[in-house]
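Breakdown of the fold
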Amino acid sequence: MIRPDDDGSGADRPRRGRLTVYLGAAPGVGKTYAMLDEAHRRLSRGTDVVVGLVEAHGRLATAALLEGLEVLPRRALTHRGSEFTELDVEAVLARAPQVAMIDELAHTNVPGSLHPKRWQDVHDILDAGIDVVTTVNVQHLESLNDDVEAITGVKQRETVPDHVVRDADQVQLVDLPPEALRRRLAHGNVYRAEQIDASLTQYFRVGNLTALRELALLWLADRVDDALTTYRREHRIESPWPARERVVVAVTGGPEGDTLLRRGARIAQRAAGSELLAVHVLATDGLPSAPPARIAEQRRLVESLGGTFHTVVGEDVPTAVVDFARGVNATMVVVGVSRRSRWREAVRESNGTEIARLAGMIDVHLVTHERARSGRRHAGRASALSRPRRIGGWVLALVGPVLLTVALGAARDLVSLPTDLMLFLALTVLVALVGGLWPAIVSAVVGFLLLNWFFTLPTGRLTIAEPENALALGVFVLVAAGVASVVDVAARRTTEAFRARAEASALAAVSRSVLSGEDTAAALVARLRETFTLEAVALLSKNGSRWDVLSTDGAEPALDPETATAVLVVDENRVLTLTGRVLPASDRRVLEAFASQVGIVLEQERLRAQAEQARILGEADATRTALLAAVSHDLRTPLATIRASVDGLTSTDLHLDEADRAALVGTLEESTARLERLIDNLLDLSRLQTGSVRPVLRATSLDEIVPFAVEGYSPGTVVLDVPDDLPLVHTDAGLLERVVANLVSNAVRHAPADSPVVVSASTVGRGIVVRVVDKGPGIPDELKDHMFDAFQRLGDTTGTGLGLGLAVADGLATAVGSELSVEDTPGGGLTMLVTVPLAEAGP
């Protein structure tokens, strides 16, 4: 019996190595020199450092730094008749240093290498727990490829995905002013002499180098900013950190918005790398908003100024603006002077003043304009109570005191002034509970006037004779106002608590599903639309100048960020577009959390795909290795036997009698049949691995299958016990015959010469079980789980097979809907069972 091989490996996977990247704006700035200089520093501290691969490009100073460092040999490859050398990943893994120095991360490997790209080689080394220090130029970053081509006119064909560099543990910028780099080039420290003049007049022009230098600085600044945002989120830091100038311009859609946007743009331009963001708040007070056409004009204006436009919904405009500014880590908010008149501002402060009060550490820049103080209605704070409750509160505030006065007037002889005060106070509390603050205040004032007119001496006048009564009435009004205020605040806090609990529940459910691996990106997109009651949500991926759709949910999703109601950035190449109602500013954190979870799921899917690809490549490599080993022995043996038999039969020097000639012919037939079986198994395994097996299932009888599977054996080798009255089975006759034939061949090879292999069949439940029974040595229980793996020949000393028979049989059995299992034969040996479904049980 074929026995599997089990290496018993249980080694723990090592920690992942740390990646350090030296980032430069152009060739020749000194990245490789800095990398090797670090190698010497680490070596002097006792660190085990090796040089995996360094390209000196003829630079003497760089080559000199290789002295004293251990340089691993490269792997030699032949491509199109030429010799090339590449990084030898296996040599690095076998050497297992603490740190490996590997140059040119974006390099494309020669065909025949382990991976197409060097950054993939570096990933393998990092996975082995080895730290890697590498180099890359900014023009090789995938996201900047088009920008570099527009600047230099040169298309970079070797690129590295941005996430590879962004995910590095450390990125160090190697910077050099353009003039200094040109001097290095002119002195021959970058390229060979024949390339200097052309390089100085083309790629290495001062303008090109300046632009590339700015790209490198801005890209690195973005990475640092991402790290800062992550740090603030992890440490729950709410206040903004002015690490980068971010100017938020609050626009209302009014004509003064153009002035504010241009002023904000001028402020942002004072600092390199600054950002301009415009925010428009849609208040939920029911008042008409700005015309959509005007908002669209201001959106186009801010985009032409290099900024971005954002729309949020807020119950209170100043609070929404400040929440947005804090959410984007803004350093300044630009607000226009209120258009309300001064007497209206005396009643309620302007939005600009309230924003300045709420902004905390964020600077507020107040900009005057032509329509300042021209008069404009502003919405007050929206109540946390529902509209029916507010209406009921006002009705009760106006009608309740009158009805209570009538009732108390009828019972004037039975109740005194303190009782009147307590009853009016109870009515005011009831009004506060129903309608909130302002109805309760009105109820208190009306109650005060009615108590003064009807129940305090002298009655019929708004005067109070006793100071005690005046004090009682004053306390009544204060208590009523206090209770109403508390009720209003409690209602707001309750609303906020419900909202916070809902947000926490939604985020907990999302995080739980992501951590457990249950949700896909499509499921998260659907959950986002459902949670926020949106019309549609789409997940888009940027592919050059167009957007590819990864997943959508809902009707008519926005397939371009320009047409979306709102856009959430997942990462630098993917966004979520939202269609439907505009979400309030208070939802921004939850939305960003959803976007982060989508990013995590996409990364998980990418890693799973890479792992699956690695598994397939590993299996293919194992198959190729085993096949090569098998070809060198198992296929060569029958071929050598055939060649010897043919030579013997055709030789003129040998005089063979009929017995010898018959023996050679028999040997020739046996070796040919063996070779045919080996090739058939190889072809079957190839078809199974590529998924090209297409069974034709139909009702058939085992009488048409099993007898053909046991043909060709000498009498007494195989005993057939298949009743004629068995019901029909649902299978592919040809493929099932191959299954039984392989099982019989395997059993015959391991059965003793004096013990035949028995093939029987019987009905069991809803299927027929075909048994192939041998009295051979059997197989230990711990190896049975691996006996159907390809190229397993442990314990098989016959040397007559590739170890494919059971693997092919198992694959073909699965293809035809049958089940292959194994049992020990009573008294010793092994029994293989094939369970085939009955015809009426088939699909």
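Definitions and limits used
- Residues numbered from 1 in each chain as written.
- Predicted model: local features only at pLDDT ≥ 70, side-chain atom pairs only at ≥ 80, totals over all residues.
- Heavy atoms only, no water.
- Helix = DSSP H or I, 4+ residues; strand = E, 2+ residues; numbered from the N terminus.
- Buried < 20%, exposed > 50% of the residue type's maximum accessible area, 1.4 Å probe, protein only.
- Contact = heavy atoms within 4.5 Å.
- Areas by Shrake-Rupley, 256 points an atom, 1.4 Å probe, with all protein chains shown as cover.
- Axes fitted to C-alpha atoms, helices over the stretch in contact; angles between N-to-C directions.
- Parallel < 35°, antiparallel > 145°, perpendicular 65-115°, else oblique.
- Left-handed = near helix turned anticlockwise from the far one by under 90°.
- Nonpolar A, V, L, I, M, F, W, Y, C, P; charged D, E, K, R; others polar.
- Pairing = 2+ DSSP bridges.
- Patch = residues over 30% accessible without salt bridge, like charges linked within 9 Å, V, L, I, M, F, W, Y side chains within 5 Å.
- Salt bridge = Lys/Arg side-chain N within 4 Å of Asp/Glu carboxyl O.
- Expected span 1.5 Å × (residues − 1).

Some thoughts on the overall build of the protein
Of the regular secondary structure elements, the protein holds 24 helices and 24 strands. Per-residue burial for the protein yields a buried fraction of 42% across its 843 residues. Restricting the contact set of the protein to residue pairs at least 6 apart, pairs at least 24 apart contribute 70%. Accessible area of the protein: about 43,300 Å², with a carbon and sulfur share of 55%.

Some points on the packing of helix α15 (residues 387–410) against helix α16 (residues 417–435)
The contact between α15 and α16 brings their axes to 8 Å, and the two run at 165°. Here α16 runs roughly antiparallel to α15, going by the angle between their axes. As α15 packs across α16, the resulting crossing turns out to be right-handed. Facing R389, R390, G392, G393, L396, A397, G400, P401, L404, T405 and L408 of α15, the residues of α16 in contact are D420, L423, F424, L427, L430, V431, L433, V434 and G435. Taken together, the residues of the contact of α15 with α16 sort by class into 12 nonpolar, 5 polar and 3 charged.

Here's the deal with the sheet that holds strand β14 (residues 536–543)
Across the sheet, 4 strands lie side by side as β15-β14-β17-β16; this open sheet has antiparallel pairing. Looking at the sheet topology across the chains shown, the edges are occupied by β15 (546–554) and β16 (566–571). Across the sheet, the mean angle separating the axes of adjacent strands is 25° when strand polarity is ignored. Where β14 lies against strand β17 (residues 574–579), 6 bridges are found, and the strand directions are antiparallel. Looking at β17, one finds that L540 is bridged to V575.

Focus: a nonpolar patch on the surface
On the surface, I391, V395, L398, V399 and L403 cluster together to form a nonpolar patch covering roughly 460 Å² of accessible area. Summarising the element assignment, L398 is placed in helix α15. The partly exposed category is assigned to L398, whose relative accessible area is 49%.

Details of helix α17 (residues 437–454)
An ideal rise of 1.5 Å per residue puts 26 Å on 18 residues; α17 measures up with 26 Å between its terminal C-alpha atoms. Of all the positions in α17, only P439, A440, S443, A444, G447, L450, L451 and N452 are classed as buried.

Observations regarding the side chain of S541
Inspection of the secondary structure assignment puts S541 in strand β14. Under the relative-accessibility criterion, S541 is labelled buried at 17%. Those residues within four positions of S541 in sequence are excluded, and the remaining contacts are R546, W547, D548, L550, N573 and R574.

Quick look at the environment of V164
As for its placement among the helices and strands, V164 is situated in helix α6 (residues 162–166). Between the C-alpha atom of V164 and that of L105, which follows or precedes it by 59 residues, the distance is 9.6 Å. Each residue touching V164, except ones within four places of it in the same chain, is listed here: L19, L105, W119 and H123.

Things to note about the sheet that holds strand β8 (residues 170–174)
Pairing between the strands of a sheet is mediated by backbone hydrogen bonds and can be parallel or antiparallel. Pairing is parallel in the open sheet, where 6 strands are placed in the order β3-β2-β6-β7-β1-β8. Single-partner strands in this sheet number two, and they are β3 (70–71) and β8. Note that strand β1 (residues 19–24) and β8 share 5 bridges and pair parallel. Each bridged residue has a counterpart across the sheet, and for G24 the counterpart in β8 is V174. Of the strands in this sheet, β1, β2 (49–53), β6 (99–102), β7 (131–137) and β8 touch helix α1 (residues 31–44), which is tilted by about 165° from β7.

Regarding the pairing of β14
The buried fraction of β14 amounts to 6 of the 8 residues, a majority that puts the element mostly inside the structure. Where β14 and β15 come together, 8 bridges link them in antiparallel fashion. If you follow V537 over to β15, its bridge partner there is D553. Between β14 and β15, which pair antiparallel in sequence order, lie 2 residues; one of them, G544, sits at a positive phi of approximately 70°.

Section: the packing of α16 against α17
Where α16 meets α17, the closest approach of the two axes is 7 Å, and the angle between their N-to-C directions is 160°. Looking at the two axes, α16 sits roughly antiparallel to α17. With respect to the hand of their crossing, α16 and α17 are arranged in right-handed fashion. On α17, the residues that touch D420, L421, F424, L427, T428, V431, A432 and G435 of α16 are L437, P439, A440, S443, A444, G447, L450 and L451.

Observations concerning the side chain of S760
With respect to the helices and strands, S760 occurs in strand β21 (residues 757–764). Residues within four places of S760 in sequence aside, it is in contact with D721, V769, V770 and R771.

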